[in-house]
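Residue-level structure breakdown
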Amino acid sequence: MTLRQIALIIICLLPVNLLAGKCISIGDAQSALSIKKSQGFAPQMAESLKEKGYDLTTYALIGSGAKDWQEMPSENNSLVSGESKTTNEIKPFIYGKSNLKLQHSSPYIQQIFNHHKEEDIDCFIIQLGDNDLFKDKAPEALKELVKTVLAQEKRPRVCGIVAPTFKEERKNDQFPFITNKRKANYLERVRHHLQKSGLLQDCPLLSTMTEEVHNLLRENDKSFTHDGLYLNDRGAKIWVNEALKKHPLL
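Presented here is an overview of the structure given in this document.

What counts as what
- Residues numbered from 1 in each chain as written.
- Predicted model: local features only at pLDDT ≥ 70, side-chain atom pairs only at ≥ 80, totals over all residues.
- Heavy atoms only, no water.
- Helix = DSSP H or I, 4+ residues; strand = E, 2+ residues; numbered from the N terminus.
- Contact = heavy atoms within 4.5 Å.
- Phe/Tyr/Trp six-rings, centres within 6.5 Å; stacked < 30°, edge-to-face > 60°.
- Buried < 20%, exposed > 50% of the residue type's maximum accessible area, 1.4 Å probe, protein only.
- Pairing = 2+ DSSP bridges.
- Axes fitted to C-alpha atoms, helices over the stretch in contact; angles between N-to-C directions.
- Salt bridge = Lys/Arg side-chain N within 4 Å of Asp/Glu carboxyl O.

Some points on the environment of A163
Within the element layout of this structure, A163 appears in the loop between β8 (158-161) and α8 (180-196). Residues A163 and G198, spaced 35 residues apart in sequence, show a C-alpha to C-alpha distance of 18 Å. In this view, A163 contacts L187, L205, L206, S207 and W239; residues no more than four positions away in its chain are not counted.

Now the structure itself:
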């Protein structure tokens, strides 16, 4: 047996976490509430990426959109909430190993990269959209957010935007003002701005709003959300798996 063959055997026997690439995800309430409930998007994304050899840390803020992560918090009047908040900082909901608290004195996205500056970030995932559906300039804000991610000195090897997926049409819908038609319209606007700026290939929009995915979510009349909008574990697993299928490098 050659030394190369022995080395390959040793690598195969090593625990996955010793070989894992580092992934970072930022998200809105879909991520935040899943962290609170220990089920849903963030845990499902972490599990799916772990199977592919990645270690994921997710940061989430309820009520956040692209502008909230990209611009100076002190100049942004949006109301976002984390696990706790003071005059000077906000502690985001975190899934993974991190103790980061976000200061209001600089853009949150840059603070995350600064916090992980000693690591090689292999992939970066953006889970945002539902809070941006009614904002005219939200696609432009997302475009600028992607630019910031791709402009890092230690640029992530891959980037992806996990776009909002279907909401559930049910009698006790708590979010009647949010519709699947409005979501689809928002995704078209986002795709247009990313493509026009030449960013779509480097940070693809991983949209799951297809009839095939809708059928999977509604299969056997099983519920896929908690309240019409926020996905339960079953719905999140389908959402995550179908989104990752669209990214050839994840």
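More follows now that the structure is in view.
Brief notes about the packing of aromatic side chains
By the definition in use, this model includes 6 aromatic pairs. Ring centres of F134 and F177 lie 6.2 Å apart, and the angle between their planes is 50°; on these two criteria the pair is classed as tilted. With F134 in the loop between β7 (121-127) and α7 (138-150) and F177 in the loop between β8 and α8, this residue pair connects regions lying 43 residues apart in the sequence. For F177, a relative accessible area of 49% translates into the label partly exposed. For the pair F175 and F177, a centre-to-centre distance of 6.2 Å together with 70° between the ring planes defines the contact as edge-to-face. With a relative accessible area of 15%, F175 lands in the buried category. Among the aromatic residues, those joined into a cluster by ring pairs are F134, F175, F177 and Y230.

A word on the pairing of strand β1 (residues 21-27)
Most of β1 is tucked away: 7 of the 7 residues are buried. Alternating positions in β1 separate into two faces, G21, C23, S25 and G27 on one and K22, I24 and I26 on the other, with burial throughout. Where β1 and strand β2 (residues 54-60) come together, 7 bridges link them in parallel fashion. Bridge assignment links G21 to a residue of β2, and that residue is Y54. Of the strand pairs in this sheet, β1 and β7 are connected by 6 bridges, and their pairing is parallel. Within the sheet, the bridge partner assigned to I26 lies in β7 and is I126.

What about the sheet that holds β1?
The pairing of strands in a sheet happens through backbone hydrogen bonds and is either parallel or antiparallel. Sheet architecture is open: 5 strands sit in the order β5-β2-β1-β7-β8, paired in mixed fashion. At either margin of the open sheet sits one strand with a lone partner, and together these are β5 (93-95) and β8. Between one strand axis and the next, the sheet turns by 15° as a mean value, whatever way the strands run.

Things to note about the pattern of salt bridges
If you walk through the whole model with that rule in mind, you get 14 salt bridges. One salt bridge connects K143 with E144, and the closest N-O pair in it is separated by 3.9 Å. According to the relative accessible area criterion, K143 is buried, its value standing at 15%. A salt bridge links K245 to E242, with the shortest nitrogen-to-oxygen separation between them at 3.1 Å. Of this pair, K245 and E242 both sit in helix α10 (residues 233-245), separated by 3 residues, roughly a single helical turn. Among the residues examined, K245 registers a relative accessible area of 63% and is labelled exposed. The network of salt bridges with shared partners includes K143, E144 and K147.

Quick word on the sheet that holds strand β4 (residues 89-91)
Spatially, β3-β4-β6 is the arrangement adopted by the 3 strands of the open sheet, whose pairing is antiparallel. Each edge of the open sheet carries a strand with a single partner, namely β3 (84-85) and β6 (102-103). Inspection of the sheet shows β3 paired to β4 by 2 bridges, in the antiparallel sense. Of the residues in β4, the one forming a bridge with K85 is I90.

Scope: geometric values only; no functional claims are made or implied.
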